[in-house]
Amino acid sequence: MERLASHNVGQQPQTLNDKLWDGHVVHQAEGEPDLLYIDLHLVHEVTSPQAFDGLRLAGRAVRRPDLTVATMDHNTPTIGLDLPLADPVSAKQIETLAANCAEFGVTLYPMGHAKQGIVHVIGPEQGLTQPGMTIVCGDSHTSTHGAFGALAFGIGTSEVEHVLATQTLPQRRPANMAVTIDGDLPAGVTAKDVILALIGRIGTGGGVGHVIEYRGSTIRSLSMEGRMTICNMSIEAGARAGMVAPDDTTFAWLEGRPHAPTGADWERALDHWRSLVTDEGAMFDKEVVIDATSLRPHVSWGTNPSQVVPIDGAVPDPDAIADAGQAESARRALTYMGLQAGTPMREVPVDTVFIGSCTNSRIEDLRAAAAVVDGRHISAGMRAMVVPGSMRVKADAEAEGLDRIFTAAGFEWRSAGCSMCLGMNPDQLAPQERCASTSNRNFEGRQGRGGRTHLVSPAVAAATALAGHFATPEDIR
Amino acid sequence: MEPVRQITGTAVPLRRADVDTDQIIPSEWLKRVERTGFGQGLFAEWRSDPEFVLNQPRYKGASVLVTGPNFGTGSSREHAVWALQDYGFRAVVSPSFADIFRTNCTKAGLLPVQVDADAAEALLAAVETDPAVVVTIDVEARTLLAAAAGVSTTFPLDDFTRWRFLEGLDDIGLSLRNEQKIVAYEAARPAWMPSAGRVAAT
Ligand code: SF4
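Everything numeric in this text was worked out from a predicted model, so none of it was measured. Every residue gets a number counted from 1 within its own chain, in the order that chain's sequence is written. Lettering of chains starts at A and numbering of ligands starts at 1, both following the order in which they are written. Totals for whole chains, interfaces and linings use every residue, but because this is a predicted model, local features are given only for residues with pLDDT of at least 70 and side-chain atom pairs only at 80 or more, for both listing and counting. Computation of side-chain values covers all heavy atoms of the structure but excludes hydrogens and water.

Note on aromatic contacts: the rings of Phe and Tyr and the six-membered ring of Trp form a pair at centre separations within 6.5 Å, being stacked when their planes are under 30 degrees apart, edge-to-face when over 60 apart, and tilted otherwise. This structure, assessed with the given rule, holds 16 aromatic pairs over all chains. Where Tyr 37 of chain A meets Tyr 185 of chain B, the ring centres are 4.9 Å apart and the plane angle is 25°; that geometry is what we call stacked. With Tyr 37 of chain A in strand S2 (residues 34-37) and Tyr 185 of chain B in helix H8 (residues 179-188), the pair connects residues from two separate chains. With a 1.4 Å probe rolled over the protein chains alone, any residue whose accessible area is under 20% of its type maximum counts as buried; one over 50% counts as exposed, and the rest are partly exposed. Tyr 37 of chain A gets classed as buried once you look at its relative accessible area, which sits at 0%. A run of DSSP states H or I qualifies as a helix once it reaches four residues; a run of E qualifies as a strand once it reaches two. Both are numbered from the N-terminal end.

Let us look at the environment of Cys 105 of chain B. Residue and element names in this part refer to chain B. Relative to the assigned elements, Cys 105 resides in helix H4 (residues 99-108). With 58 residues separating them in the primary sequence, Cys 105 and Trp 163 have C-alpha atoms 15 Å apart. Those residues within four positions of Cys 105 in sequence are excluded, and the remaining contacts are Val 81, Leu 110, Pro 112 and Phe 165. Whether two residues are in contact is decided by their heavy atoms, any of which lying within 4.5 Å being enough.

With that settled, the discussion passes to the UniProt feature "domain: Aconitase A/isopropylmalate dehydratase small subunit swivel" (unreviewed entry) in chain B. UniProt positions are given in the numbering used here, feature names are shortened, and annotations may be inferred rather than shown by experiment. The UniProt feature table records "domain: Aconitase A/isopropylmalate dehydratase small subunit swivel" (unreviewed entry) at residues 1-116 of chain B. For residues 1-116 of chain B, helix accounts for 23% and strand for 18%, while the C-alpha atoms at its two ends are 28 Å apart.

Attention now goes to the pattern of salt bridges. Whenever a carboxyl oxygen of Asp or Glu lies within 4 Å of a side-chain nitrogen of Lys or Arg, that contact is scored as a salt bridge. Counted according to the given criterion, the structure contains 45 salt bridges over all chains. Linking Asp 396 of chain A and Arg 392 of chain A is a salt bridge whose minimum nitrogen-to-oxygen distance equals 3.3 Å. Remark: Arg 392 of chain A and Asp 396 of chain A occur in helix H13 (residues 391-400); sequence separation between them is 4 residues, near one turn of the helix. Relative accessible area serves as the criterion here: at 30%, Asp 396 of chain A is assigned to the partly exposed category. Across the pair Glu 128 of chain B and Arg 15 of chain B runs a salt bridge whose closest N-O atoms are separated by 2.8 Å. On the criterion of sequence distance, the pair formed by Glu 128 of chain B in helix H5 (residues 117-129) and Arg 15 of chain B in the loop between strand S1 (6-14) and helix H1 (21-24) is long-range, its members being 113 residues apart. Counted as one network, the salt bridges with shared partners bring together Arg 63, Arg 64 and Asp 66 of chain A together with Glu 179 and Glu 186 of chain B.

Once that is clear, we can look at the side chain of Asp 34 of chain A. All names here are of chain A. Relative to the helices and strands, Asp 34 is located in strand S2. No salt bridge is formed by the buried Asp 34. Its closest oppositely charged neighbour is Arg 173, at 4.5 Å. Among the polar contacts made by the side chain of Asp 34, one reaches the side chain of Trp 21 at a distance of 2.8 Å. We call two N or O atoms a polar contact when they sit within 3.5 Å, provided that within protein one can donate a hydrogen and the other can accept it, with sequence-adjacent residues counted only if both atoms are side-chain atoms. Side-chain polar atoms of Asp 34 contact the side chain of Gln 28, separated by 3.1 Å. In this structure, Asp 34 is in contact with Trp 21, Val 25, His 27, Gln 28, Leu 169, Pro 170, Gln 171 and Arg 173, ignoring residues within four places of it in sequence. As used throughout, the charge tally considers Lys and Arg to be positive and Asp and Glu to be negative, leaving His and the chain termini uncounted.

Turning next to the interface of chain A and chain B. Listed as interface residues are 86 residues of chain A and, on the opposing side, 60 residues of chain B. Two parts lose some accessible area (1.4 Å probe) when they are put together, and adding that loss for both gives the buried area. For the pair chain A and chain B, the summed buried surface comes to about 5,900 Å²; carbon and sulfur atoms form 54% of the total. Joining chain A to chain B, the criterion identifies 10 salt bridges. Our enumeration of links across chain A and chain B arrives at 35 residue pairs in polar contact (both at pLDDT 80 or more). Only strand S1 (25-27), S2, helix H2 (49-58), strand S4 (68-71), helix H3 (88-104), helix H5 (157-166), strand S8 (168-171) and helix H10 (263-273) of chain A provide two or more residues apiece to the side of chain A that touches chain B. Think of it as three bins: nonpolar holds Ala, Val, Leu, Ile, Met, Phe, Trp, Tyr, Cys and Pro, charged holds Asp, Glu, Lys and Arg, and polar takes everything else, Gly as well. Here the residues of the side of chain A that touches chain B sort into 28 nonpolar, 35 polar and 23 charged.

Okay, unusual backbone geometry next. Residue and element names in this part refer to chain B. If you check the backbone angles, Phe 43 has positive phi at about 50° while not being a glycine. Here the phi dihedral of Arg 142 falls at roughly 55°; this positive angle occurs in a residue that is not glycine. Structurally, Arg 142 can be placed in the loop between strand S5 (134-138) and strand S6 (143-146).

A word on the nonpolar core. What is meant by a nonpolar core is a set of buried Ala, Val, Leu, Ile, Met, Phe, Trp, Tyr and Cys residues, joined one to another through side-chain atoms within 4.5 Å. Counting 108 residues, the largest nonpolar core has Phe 411 of chain A together with Phe 43, Phe 71 and Leu 84 of chain B as its most contacted members. Setting aside anything within four residues of it in sequence, one finds Leu 84 of chain B in contact with Ile 24, Leu 42, Phe 43, Leu 65, Phe 71, Phe 89, Val 92, Phe 101 and Leu 110 of chain B. Formed by 89 residues, the second largest nonpolar core is a distinct cluster that contains Val 69, Met 72, Ile 181 and Met 224 of chain A.

Below, the discussion takes up H5 of chain A. All names here are of chain A. A large share of H5 lies buried, amounting to 10 of its 10 residues. Residues of H5 that are buried: Thr 157, Ser 158, Glu 159, Val 160, Glu 161, His 162, Val 163, Leu 164, Ala 165 and Thr 166. Phi for Gln 167, located one or two positions after H5, is positive at around 60°.

Residue and element names in this part refer to chain B. Each pair of strands is called paired provided DSSP finds at least two bridges between the two strands. Where S1 meets S5, 5 bridges bridge the pair, whose relative direction is antiparallel. Across the sheet, Ile 7 pairs through a bridge with Ile 137, a residue of S5. As defined by bridge partners, S1 adjoins strand S2 (residues 64-67) across 4 bridges and the pair is classed as parallel. Bridge pairing in S2 places Pro 13 opposite Val 66.

All right, on to the environment of Val 92 of chain B then. All names here are of chain B. Its location among the elements puts Val 92 in strand S3 (residues 91-94). Relative accessible area serves as the criterion here: at 0%, Val 92 is assigned to the buried category. Residues Val 92 and Pro 57, 35 residues apart in the sequence, show an inter-C-alpha distance of 20 Å. Leaving out residues up to four positions away in the same chain, Val 92 has contacts with Leu 65, Thr 67, Phe 71, Leu 84, Phe 97, Leu 110, Leu 111, Pro 112 and Val 113.

Turning our attention to the confidence of the model for chain B. Of all residues in chain B, 99% attain a pLDDT of 70 or more, and the chain-wide mean is 95. As scored by the predictor, the complex reaches a pTM of 0.95 and an ipTM of 0.93. As a per-residue measure, pLDDT reflects the predictor's confidence and takes values from 0 up to 100.

Residue and element names in this part refer to chain A. Examined against the element boundaries, Thr 129 turns out to sit in the loop between helix H4 (119-125) and strand S6 (134-137). Side-chain polar atoms of Thr 129 contact the side chain of His 145, separated by 2.9 Å. Residues in contact with Thr 129, not counting those within four places in the same chain, are Leu 40, Gly 123, Pro 124, Ile 135, His 145, Phe 148 and Leu 254.

Next up on the list: the sheet that holds S6 of chain A. Residues and elements named next belong to chain A. As summarised here, the arrangement of the 5 strands in space is S5-S4-S3-S6-S7, forming an open sheet in which the pairing is parallel. Pairing within the sheet leaves two strands with one partner each, and these edge strands are strand S5 (107-109) and strand S7 (151-154). Sheet twist, expressed as the average angle between the axes of neighbouring strands with direction ignored, equals 20°. Axes here mean lines fitted to C-alpha atoms, for a helix over just the part in contact, with angles spanning 0 to 180 degrees between N-to-C directions.

Another aspect to go through is the confidence of the model for chain A. On average, residues of chain A score 95 in pLDDT, and 98% of them are at 70 or above. The model gives residues 1-8 of chain A a pLDDT under 50, and that stretch makes 29 contacts with residues more than four places away or in other chains.

Printed below as a string of structure tokens:
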């Protein structure tokens, strides 16, 4: 008998999240967290060295090296890959991952490898991420993989060690939250704008303790890339994970990928995957409804991802915010960001543009940005950079000629990695530099000490690079 | 982890909401492969301001951090917990914690003490005025007492996690008690599920 989520005939209606959960419980006991089986564990250089050390100290092995895949992404350079790393501390971290993978028999896609890239880009790309799976990684944006109808969430290093040793994880069952988005997205409005609008509405704590299932006609008509962008930022809404029920879009995207099932196995898998939907009548603990037809491109103005406005709007006035705590954090944010209340967003000058990160660095994102910049040039004094999410995305983009469009427009074209998303490698903002970024976090100093981050979609980032201030593609036509 | 039964000490007031893990320990510090030595990087950016609360000599030696809601939001880096512990904190008091941060705390042995907004505010105000206010946190009873602040409250900690704190138990060992069940589960997994070692011929 195959375990996993069942067809659930004649039982209580269940949410997709609960089906996935129940299908992975190894052990359940009153008063204890459930012990969940983990189908795929993704590992990177930053949150794993202390976990491997723990294994060594306890004399433990990696239980399922075949369900574990490692890559280098957070701390790797995106230029000069053939040169030794300038920073010896970074070099040591990278060497440590290579040594640990060799010692424990874990598959590694190291720097420069054709399959290397941001951990949340390569999992789906290689077909390792499939519907119905449990997927974890020592990185909060593991929620990205939920776009395939998987239960995928970020863990800390102690939990990384736990999964390496046992292939399981003790977890408390999260609550269910539905985010229903209906209607056609207006021209120029993307998945990124949908998720920024949602976080603006429910706040950075809006999803705490919940798994979000994204539903509705807007989600159904989104590509896998768009669904990944939305699930990716579930964590910015405080949620444990985000997911979308798999459908024909999912299956078409997966078919033929290196790790996808083939032949009779593909048919068996499809049979199972088609059962992975929330049953009619299943109850959610919380529901939010969004009308897609009224959305506009969004830009963040503050230092947390809920501080956003439509691009047609202005920097808000903290005095007009009713909640005292939020007014105070808005005041602090405006000081840090060097912004005046009331300034129209389109009048805010920008000096740096970053197109990349696990939120928006897939081929579709690069195509959207390239379509905007094609035949044009970035504004004077602008520093603009494209960092593909993986070496495969990079190769695909180069085959389509996107790299030439970007470089002709004045963009830097880099190799794959997290890069300026977190400013751990040399790609950083200088103090007070202002960046339109397709990444997911606008925290103080996230992209470099004193740097000012504004979260936007790839289309807005591209238009902003041309205009020198926040702009939409229509603005520059 | 070491057993934690009772924590008694003074507290540092950090009057900020949504303190993210990038603030607790900036990414610059994540290059290290060790588990110790992160205390120096704790709130590194804010500490460059001489007025910042951790730089005030009157809060030296405190073992409890009192802060605003949604503490530990953002990145999953457990380094944030290690930095707080390495600096000398044994408990963090807040009206709410981000999920992953809270889990990381319970794995590493830093006690997350969630109290209601009024109790947190009373404690913040009292400690801001008088750094000598003593806070006593009892894991067994799940209580927080700060008599000088007029705060006496309880906090949530499920029985299982409480037991792990009291006994200082290793989670991996606990899970491996179910080895037979893990083996049985693995035997029933469909063979078509992906494996790192198997790639379809293309
Ligand atoms: S791209 Fe940014 S958010 Fe994504 S995994 Fe890398 S550092 Fe984390």
